[in-house]
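Topology and contacts: notes
Listed below, chain by chain, are the residues.
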Amino acid sequence: QPHLNESGGGLVQPGGSLTLSCAASVGALDYYSIGWFREAPGKEREEISCVSSTGRTRNYKDSVKGRFTISKDNAKGMAYLQMNNLKPEDTGVYYCAAGRGPRVDCTVIDAWGQGTVVTVSS
């Protein structure tokens with residue numbers, strides 16, 4: 001299991017953009033799907049996006065489709081979540097998660113990052 005470290009969170013105004021990064025201790029991510037999960041204040045942790053181990057399949061929660069883009073660089077052991085047109089409801093703690101594969105989904109998680117806080121407010 002890789003150790004995961006998220007970064008890039010912060011305070012941003014509505015309509016702004018932010019890119020989250022996830023660094024994995026493993027040398028490559030070819031055998032791991034990567035998911036981004038969010039815990040909004042007072043709500044359960046939910047999957048926001050997931051990219052398959054190959055990087056060829058990407059899924060998004062309906063509320064972020066067209067605004068967020070998930071990507072990964074398997075060779076570098078890095079994954080990203082680019083967030084555009086942010087809304088106050090996007091506020092929460094974002095977690096990077098890895099599921100050992102090969103797999104195309106993020107239903108099984110083997111490792112979690114510590115989380116990074118994203119606050120969208122004017």
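Throughout what follows, the structure given in this document is the object of discussion. (Residues numbered from 1 in each chain as written. Predicted model: local features only at pLDDT ≥ 70, side-chain atom pairs only at ≥ 80, totals over all residues. Heavy atoms only, no water.)

With that out of the way, let us pick up the overall build of the chain. When helices and strands are counted, the chain shows zero helices and 11 strands. Starting at the N terminus and ending at the C terminus, the chain contains elements arranged as β-β-β-β-β-β-β-β-β-β-β. The C-alpha atoms of the chain give a radius of gyration of 13 Å, which matches the 14 Å a tight globule of 122 residues would have. Expressed as a percentage of its 122 residues, the buried residues of the chain come to 44%. Across the chain, contacts joining residues at least 24 apart in sequence account for 58% of those joining residues at least 6 apart. When the accessible surface of the chain is totalled, it reaches about 6000 Å², and 46% of it is carbon and sulfur. Where the 13 positive side-chain charges of the chain centre and where its 12 negative ones centre are 4 Å apart. (Helix = DSSP H or I, 4+ residues; strand = E, 2+ residues; numbered from the N terminus. Rg over C-alpha atoms; globule rule 2.2 N^0.38 Å. Buried < 20%, exposed > 50% of the residue type's maximum accessible area, 1.4 Å probe, protein only. Contact = heavy atoms within 4.5 Å. Areas by Shrake-Rupley, 256 points an atom, 1.4 Å probe, with all protein chains shown as cover. Lys, Arg positive; Asp, Glu negative; His and termini not counted. Charge placed at Lys NZ, Arg CZ, Asp CG, Glu CD.)

The next subject is the sheet that holds strand 8 (residues 78-83). One open sheet accounts for four strands, arranged 1-3-8-7; its pairing is antiparallel. Strands with a single pairing partner mark the edges of an open sheet, and in this sheet they are strand 1 (4-7) and strand 7 (68-73). Direction aside, neighbouring strands of the sheet carry axes that sit 15° apart on average. Bridging between strand 7 and strand 8 involves six bridges; their strand directions are antiparallel. Residue pairing for strand 8: isoleucine 70 is matched across the bridge by leucine 81. (Pairing = 2+ DSSP bridges. Axes fitted to C-alpha atoms, helices over the stretch in contact; angles between N-to-C directions.)

As a further point, take the state of the cysteines. On inspection of all chains with the given rule, the structure shows two disulfides. Covalently, cysteine 22 is tied to cysteine 96 through a disulfide, its sulfur atoms 1.9 Å apart. Residues cysteine 22 and cysteine 96 share a disulfide whose torsion about the S-S bond is about -75°; that sign makes it left-handed. Of this pair, cysteine 22 sits in strand 3 (residues 18-24) while cysteine 96 sits in strand 9 (residues 92-100), and the two are 74 residues apart along the sequence. Here cysteine 50 is linked by a disulfide to cysteine 106, with a sulfur-sulfur distance of 2.0 Å. Given an S-S torsion of about 85°, the disulfide between cysteine 50 and cysteine 106 has right-handed geometry. Of this pair, cysteine 50 sits in strand 5 (residues 46-51) while cysteine 106 is found in the loop between strand 9 and strand 10 (111-112), placing the two residues 56 residues apart along the sequence. The connectivity of the disulfide-linked cysteines in the chain, indexed sequentially, is 1-3, 2-4. (Disulfide = S-S within 2.5 Å.)

A word on the side chain of serine 33. You can see serine 33 is positioned in strand 4 (residues 32-39). For serine 33, a relative accessible area of 0% translates into the label buried. Every residue in contact with serine 33, bar those within four places of it in the chain, is listed here: Cys50, Val51, Ser52, Ser53, Ala97, Ala98, Gly99, Arg103, Asp105 and Cys106.

Assignment of secondary structure puts valine 108 in the loop between strand 9 and strand 10. Separated by 46 residues in sequence, valine 108 and aspartate 62 have C-alpha atoms that sit 20 Å apart. When neighbours within four sequence positions are excluded, valine 108 is seen to be in contact with Gly99 and Arg103.

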